[in-house]
Every structure is written in structure tokens, then in C-alpha cells.
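# Descriptive structure summary
If you want the building blocks of each chain, they are given just below.
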Amino acid sequence: MTGGKNLLVSKKPISWLDGVNPYTGEITQENHDLKGANLKGKIIRIPYSIGSTVGSYTFLKLKMTGKAPYKIILEKPDAITMPAVLTGIKVEVLGKKTSITLENLEETLPKPLLKYLKLDGESNGATKLIPISSAHVSGVSYKTIGDAGIKFLEDLVEKKYRARVLTTLNPAGMDLERYREQGVPVKFAEKQLEIINLYMKLGVIPTCTCTPYLVGNCPLSGANVSWAESSAVVYANSVLKAKTNQEGGIKSLVSALTGLTPNYGMHIDINRKPRVKVTLKVKTKGYEFGLLGFWIGKQTSKPVYIDGLVNFNQDDLKCLGAAGAASGKMEIFHYERREKGGKEKFEENLVFSGHELMETKEELSDFSGKPDLIVLGCPHFSLKQFLHLAKLMENRRVKKCDFHVYTSRAYEPYLKRSGLKGKLERAGVKVFYDTCMVVSPLEEIGYRETATDSAKAAKYLKTLSKQEVFIDSLENLVETATK
Ligand code: F3S
């Protein structure tokens, strides 16, 4: 099986999560030259994959439906595709390989998991596995991992594997307590609770948030960690200065269960240095940080230095990184002011002006006017954002649409005791914990037109939740909701 009709070749990266139909094996990615081709039994050669890290679970689904490819050839190793080997799909990474010895490792470590880390490490030029101080695991929603994911987790539980380091969990497909009010179908809710239960049996703490750094999983500068959830990865590398690659959900779980990760990529200091300079010719504000990140992610996957970023806060950086990882493969950005007249050389110089800002907004917007639903909290809303929203909602009420905010359940006592939650709910804003607009089944609940202030959410609401989308500032969305 080396050529002809059994070989699919493309120079374009693929998004396994939303660019492939796991039930038919068909490639569905818009503007992809392999669109319409079927993966079943084929050898596919691509440069690498893009998009969300939960894309790894697509391989389990493809395996279960009998539509899996025979082999994937990558021109560049990538953490989302590599776990395909755990499902029996062959993966070959072109280029130089190293060798990692497992001899000196603790005897009780699970051998099959170590083998996968070894393969992943050697394909990426690592020479050793290194200890991690924490893991953050994605692939939680039943919507994304399905029955194949449940089977995978059951298998790990049966083998009595347990997390060896602090391990937190990404959002689930529903609010674990108010799912009925959310309109989540019963079958979905049962499956979702089963998934959470399985993760807990593996020793994973069910934080169910994409902002683990706001709820206790906050590594020190320089710490090696293994995080999935692309938005948290960019934040960890760029803001916290911890070190993590953009792991797939499966790999971060394997790292949690072994306490180890291969030493390559963002774990090596030289790879973290900025190679592309982005000069800002426009002052970004609020949701525009997401538009900037989205645009950068489309231009380059290399570490960037953003020159001219001013008046930003933690939430702005959170949204910038989330969007950069959603539109491309951003893992780190630098934003601290450099010395004037410094001699730093960049491989590429890019300019982001008002034109690029407007173009990105237009690209992400399908309609204007009143949506069925307004969603905030991608990445999960922070306390600071709640304070801001409560202020904007003063003496206002949501009319003729639904208005959801998604956040971590860790905030529940603060929001209740401070009266913020009551105030927002009286104004017609519903606060949901444990989940988000992208991983909950909005389309099954009946929403069709959704507005958001998040560039990442805008992208995935279109592709994963079949929504018509429009993106705008928080202030304008409040205006739209209440007029
Ligand atoms: Fe978080 Fe869901 Fe957005 S996991 S980053 S709120 S898509």
C-alpha cells in the first residue's frame, strides 16, 4: 500500500476535530484539496494537524466505526495526531529520530503508556522523558469524545492506572448540576456523568474548566507541565512562563498517569524564543485582542513577539492566546516591551492594522441583528469579567434572546455570596458552570444564531455547533441583548 488510490497526499494541514467525519471517514474540511476523499484503509500524508487538541479522539471514533486510515504520515510531528498509535493506526513521522531509554524508570510505571511517550518523544527529537509538576486534560465532553472515549477511559480504569501528579479537567458537555435547565438531552447527560466518574476514578480532579490556572493548577515560572486545551497552553507558556507543548487530550492523560513527558518543543528554552515580529498599528481593546490572536494564528505557527501591546489585562491575554491556537497552532507569544534600538533579528515581520482587524471581524461574522443566544466565557469567565458584566447590566434586562455565561464551578460560592450571580440572573443572564458554549450541544437544544465576544468560540460555534455567528464587543452585546 504505497501509492495510487490508496495514498492521499496534501500539503495542507488537517483539523481532525472538525475537518473529518468520523462516521463516514470522509474529509470535510472547507478549502482542503482532499475534501471529499475517504480515509478508510488509506495512507494519508499531511504536513501536520491543526485545531483543537480534542481532535485526538477522532481516531478512536474512526476506529470504532471501521473508517480509520491504515497509516498517517506526518512531515512534522504533532501532539494531536501522535495518539493515533494508541488506537492501532500506524503513524510515521518523517525526519530525524532520536532514542530514549526506559531502563532507569520506576518499575511500576505502565509500560504501554511509556511506549507511546517514547515513540512520541523520539519522533520529536527528545532524548529523555522528564518529570512534570501538573497535567491538564481535555477531551471531556460526550459531544467530542463519544462512546469511543468512554471505552478508552474504561480500559484505563480497569488497568488500575492513576494520576501521579496534580491533574485537572477541561469543561464537560453540560453544567453537571443544572443540565436539565440547560435543556441537555437525558442520554447525553447520562453519558457525560459517566465520563466524569471515569476521570475521577483515574485520580483526575473534575475542575471542568479551561482556565485551570485560575482555580489552583497554576505552575511556577519554568515548571514543566503537560497541558492539553490549547488556550490554557498558550497562557501557561506566555503569561505564567511555565513550559508545555500543546498536547492532545490523550497525551496529557498519559503524562498524568506516568508523571512524565518527553523533553522537546516548548520544554527547550531555545524553541521558545520569538521568531516573528508582529507590529501593532492599531490599539486593541476588549474582544479585539481575540481578533488579533486569531489573525496571528493564521499567519504563523512560530513564536511571535507582539510589539505595541498596551493597556491589556489577564483576560485580554487569555483571549488572544485562545484565538491564536484556534485559528492556527500558536503555542507561545511574547509581549513584554523590548529595549529600543535592540539588535534582535526576526525571520519575518508582520503588521496588524485597522484593516486586518476589520477583515478578521468580518471573516468571523455571518449576520447582524438579534441572535437567539448570546454566549460569553470562552475561555471561562474570570471574576474580573463578572464584575464588569454586572456593572454593564445595571438597570437593564435581557429581552427576546437567551444570554449565557460559562465559567468554572470554583467561582460558585464567590458569585453567590457576593450577590453577583443573583443580580445577573434577575437581569436575565444565566450562569453555567463546568461547561462551555462549544462543548455543550447547542444545536440539539435548538439554537441557530449565536453572538459572542470570543474569536475562538466564533470559529468553533460555526464548525462544531452549526451556528450562524456574529462577534462583537461585550458592551455591544449587552446593548443588543437589552434593547
Ligand atoms: Fe474554554 Fe470552551 Fe472556549 S473549553 S477555551 S470555553 S471552547
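First, a word on what this report is: a plain description of the structure on this page. All values derive from a computational prediction rather than experimental measurement.

What counts and what doesn't
Residues numbered from 1 in each chain as written. Predicted model: local features only at pLDDT ≥ 70, side-chain atom pairs only at ≥ 80, totals over all residues. Heavy atoms only, no water. Helix = DSSP H or I, 4+ residues; strand = E, 2+ residues; numbered from the N terminus. Contact = heavy atoms within 4.5 Å. Buried < 20%, exposed > 50% of the residue type's maximum accessible area, 1.4 Å probe, protein only. Core = buried A, V, L, I, M, F, W, Y, C linked by side-chain atoms within 4.5 Å. Pairing = 2+ DSSP bridges. Axes fitted to C-alpha atoms, helices over the stretch in contact; angles between N-to-C directions.

### Some thoughts on the environment of Thr58
Structurally, Thr58 is set in helix α1 (residues 57-64). Along the primary structure Thr58 and Asn21 are separated by 37 residues, whereas in three dimensions their C-alpha atoms are 8.6 Å apart. Those residues within four positions of Thr58 in sequence are excluded, and the remaining contacts are Trp16, Leu17, Val20 and Pro22.

### Let's talk about helix α7 (residues 249-258)
Counting buried positions along α7 gives 10 out of 10 residues, so the element sits mostly inside the fold. After α7 finishes, the residue Gly259 shows a positive phi value of roughly 75 degrees.

### Some details on the nonpolar core
The biggest cluster of nonpolar side chains holds 63 residues, and the ones touching the most others in it are Trp16, Ile44, Tyr199, Leu202 and Leu253. Where this core is concerned, the elements lending two or more residues are β2 (43-46), α1, β3 (71-74), β4 (90-93), α2 (111-123), α3 (142-158), α5 (186-201) and α7. In terms of nonpolar packing, the next biggest core, distinct from the first, is built from 48 residues, Phe294, Val304, Val375 and Cys436 among them.

### Quick word on the sheet that holds β4
Across the sheet, 4 strands lie side by side as β1-β2-β3-β4; this open sheet has parallel pairing. At either margin of the open sheet sits one strand with a lone partner, and together these are β1 (7-9) and β4. Along the sheet, successive strands turn relative to each other by an average axial angle of 15 degrees, direction set aside.

### What about the sheet that holds strand β14 (residues 373-376)?
Sheet architecture is open: 5 strands sit in the order β16-β15-β14-β17-β18, paired in parallel fashion. Across the chains shown, the open sheet's two edge strands, defined by having one partner strand only, are β16 (430-433) and β18 (468-471). Here the average twist between neighbouring strands, direction ignored, is 25 degrees. Examined bridge by bridge, strand β17 (residues 449-452) and β18 share 4 bridges and lie parallel to one another. Within β18, the position partnered with Ala451 by the bridge is Phe470. The strands touched by helix α11 (residues 383-393) within the sheet are β14, β15 (402-407) and β16, with β15 carrying the most contacts at an inclination of about 160 degrees.

These results come straight from atomic positions and should not be treated as a statement about function.
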